[in-house]
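# A look at the structure
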Amino acid sequence: MGKLILGIESSCDETAAAVVEDGELIRGATVASQLDVHGKYGGVVPELASREHLRAIVPTVREAMLAARTNFAGLAAVAVTEGPGLVGSLLVGITYAKAISLAHKLPLIAVNHIEGHIHAVVMEHRRELEFPALALVVSGGHTHLFRIGEDWHYRLVGRTRDDAAGEAFDKVAKLLGFGYPGGPVIDQLAPFGDPSAVHFTSPNMKGNPRDFSFSGIKTAVRYWSEARAMSNEIAARRELLKTTPRPTVEQWQAVTPKTTLDLLASFQSAVVEDLLRRAGEAARETGARSMIVSGGVACNSGLRTAAAAKRFPFPVFFPQVELSTDNAVMIAAAAFPKLERGEFAGLTLKAKANLSLA
Ligand code: KG4
Ligand code: ZN
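Residues numbered from 1 in each chain as written. Chains lettered and ligands numbered in written order. Predicted model: local features only at pLDDT ≥ 70, side-chain atom pairs only at ≥ 80, totals over all residues. Heavy atoms only, no water.

## Describing the pattern of salt bridges
Where we set the bar: Salt bridges are defined as contacts in which a side-chain nitrogen from Lys or Arg sits within 4 Å of a carboxyl oxygen from Asp or Glu. Labels follow the DSSP assignment, with helices taken as runs of H or I lasting at least four residues and strands as runs of E lasting at least two, numbered in each case from the N terminus. Relative accessible area decides the class of each residue, using a 1.4 Å probe on protein chains only: under 20% of the type maximum gives buried, over 50% gives exposed, and in between gives partly exposed.
A complete count under the given rule lists 25 salt bridges for this structure. When the shortest N-O distance is used, the salt bridge between Arg127 and Glu24 registers 3.2 Å. With Arg127 in the loop between helix H4 (113-125) and strand S6 (133-138) and Glu24 in the loop between strand S2 (14-21) and strand S3 (25-33), this pair connects stretches of sequence that are 103 residues apart. Of the charged contacts, one joins Lys338 and Glu343 as a salt bridge, the two residues approaching to 3.9 Å between their closest N and O atoms. By relative accessible area, Glu343 is classed as partly exposed at 38%. Residues joined by salt bridges that share partners form a network here, namely Arg210, Asp274, Arg277, Arg278, Glu281 and Glu285.

Structure follows, in structure tokens:
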């Protein structure tokens, strides 16, 4: 048996715990989702999130430990997300991790959530990854491009100046009556629309052409929908959500005309093309020999298909779908090299809402 790390993640709206052996073998993993709590508000409500984390943290950790058939004495360390994220949410995970560390005399390891997303890919493809690598981290909170050097030095190459890509999916879905989170619904419905039906322009980013901006496309979708008097179909979808929290594709299609499916397909395709164009150019510029795509938006099937179709001159790695969105496996995996280097946090560890990676 190798070294077991218990990872804890509570930066946003998922309470997650996992036990990972030697940074790559998943021994037990649990994610308690708060979707049902926040769904009706159309986004994450920070106060409710911290309360739900408090409720879920102990049983979630217990479940992961049980699945891994281990106890605290069997662990080499406990790792926790220190940021970025919602301060009240982060604090729940950090406080519990400190308590475990203190009570069981285990080293405490602090992990950056964004580095966690990157390690969701590294843990599976360590042997195939070639450096320098370019990482595109796309989630509800972040859209970043990093160059990763041989020595694991991160350099920020580009980032969003306004909305994150996942946030754009969520805002467009909310606006059109598809509820929260928007990414999975748009992903499911986009294949039924024509991606070339509505033309969106990719913004010209002065200063750094590798930066992103998604607030323009969100506004363009709003103008498009306002010009077409879509209020009846939007109201029908909001009604559907009241009786059916998670409608099926067929149920959505029954309240979504073809023109709206075309709009969703065009929106998704524009976001995907924009992400891959800037990531591709950044990879060429930085001499990257492989690309990592991670974060909730990395679940997107349009993004996965388009990345393969681009035939980049280097391999592109995505995490398994379950490890693309927030989870604790990635936190335990990212902590392993820190355990090997003896990089431990003290009991003074604080939540860092705006922690950056580079
Ligand atoms: O990584 P994540 O779980 O949390 C953050 O760190 O933000 O990402 C959640 C985001 C949400 O914005 C959600 O709409 C988006 O990922 N997402 C998707 C898909 N699944 C989740 N976006 C596009 N297509 C998907 N299939
Ligand atoms: Zn995340």
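## Regarding the packing of helix H7 (residues 215-227) against helix H10 (residues 258-286)
Our working definition: Helix axes use the C-alpha atoms of the stretch in contact, all axes being lines fitted to C-alpha atoms, and the angles between their N-to-C directions lie in the range 0 to 180 degrees. When an angle is under 35 degrees it counts as roughly parallel; over 145 it counts as roughly antiparallel; between 65 and 115 it counts as roughly perpendicular; any other value is oblique. Here a crossing is taken to be left-handed if its near helix is turned anticlockwise relative to the far helix by less than a right angle, and right-handed if that turn runs clockwise. When checking whether two residues touch, look at their non-hydrogen atoms; a contact exists if any pair is within 4.5 Å.
In the contact formed by H7 and H10, the axes pass within 11 Å of each other and the chain directions differ by 165°. Judged on the interaxial angle alone, H10 and H7 are roughly antiparallel. Considering how the two elements wind past one another, H7 and H10 form a crossing that is right-handed. The residues of H10 that touch H7, namely those facing Ile217, Val221 and Trp224, are Thr259, Leu263, Phe267, Ala270 and Val271.

## A word on the pairing of S6
Under the convention used in this document: Strand pairing requires that DSSP identify at least two bridges connecting the strands.
When you tally the buried positions in S6, you get six out of six residues, the bulk of the element. Both faces of S6 are covered, namely the face carrying Ala133, Ala135 and Val137 and the face carrying Leu134, Leu136 and Val138. Hairpin connection of S6 to strand S7 (residues 143-148): four residues between the antiparallel strands. Here S6 runs beside strand S9 (residues 290-294); their pairing, made up of five bridges, is parallel. Considered in S9, the bridge of Leu136 is made with Val293.

## Some details on helix H11 (residues 301-309)
Convention followed: Here the arc refers to the directions that run from the helix axis out to each C-beta atom.
Within the sequence span of H11, burial applies to Leu303, Ala306 and Ala307. Each buried residue of H11 sits inside an arc of 105° when the element is viewed along its axis, so together they form one side. Pointing more than 90 degrees away from the buried face of H11 are the exposed residues Thr305, Ala308 and Ala309. Of the surrounding secondary structure, the elements contacted by the buried residues of H11 are H10, S9 and strand S10 (316-317). Looking one or two places after H11, you find Arg311, whose phi comes out positive at around 50°.

## Remarks on the coordination of the zinc ion (ligand 2)
Note the threshold: Donor atoms (N, O, S) are those found within 2.8 Å of the metal centre, with the cutoff raised to 3.2 Å for Na, K and Ca; water is not part of the atom list, so apparent gaps in a site can occur. By the criteria applied here, four donors are tetrahedral when all angles lie between 85 and 135 degrees, four are square planar and six octahedral when opposite donors are over 155 degrees apart and every other angle lies between 65 and 115, and any other arrangement is irregular.
Here the zinc ion (ligand 2) is held by the protein donor atoms His113 (NE2), His117 (NE2) and Asp326 (OD), which lie 2.0 to 2.1 Å from it. Around the zinc ion (ligand 2), the four donor atoms sit at angles spanning 94 to 142°, and that spread fits a shape best called irregular. Here the donor residues of the zinc ion (ligand 2) share one chain and are spaced in sequence as H-x3-H-x208-D. You can see His117 sitting in helix H4 and its partner Asp326 sitting in the loop between S10 and helix H12 (329-341), a full 209 residues away along the chain. The pair His117 / Asp326 is uniform in exposure class, with both members buried.

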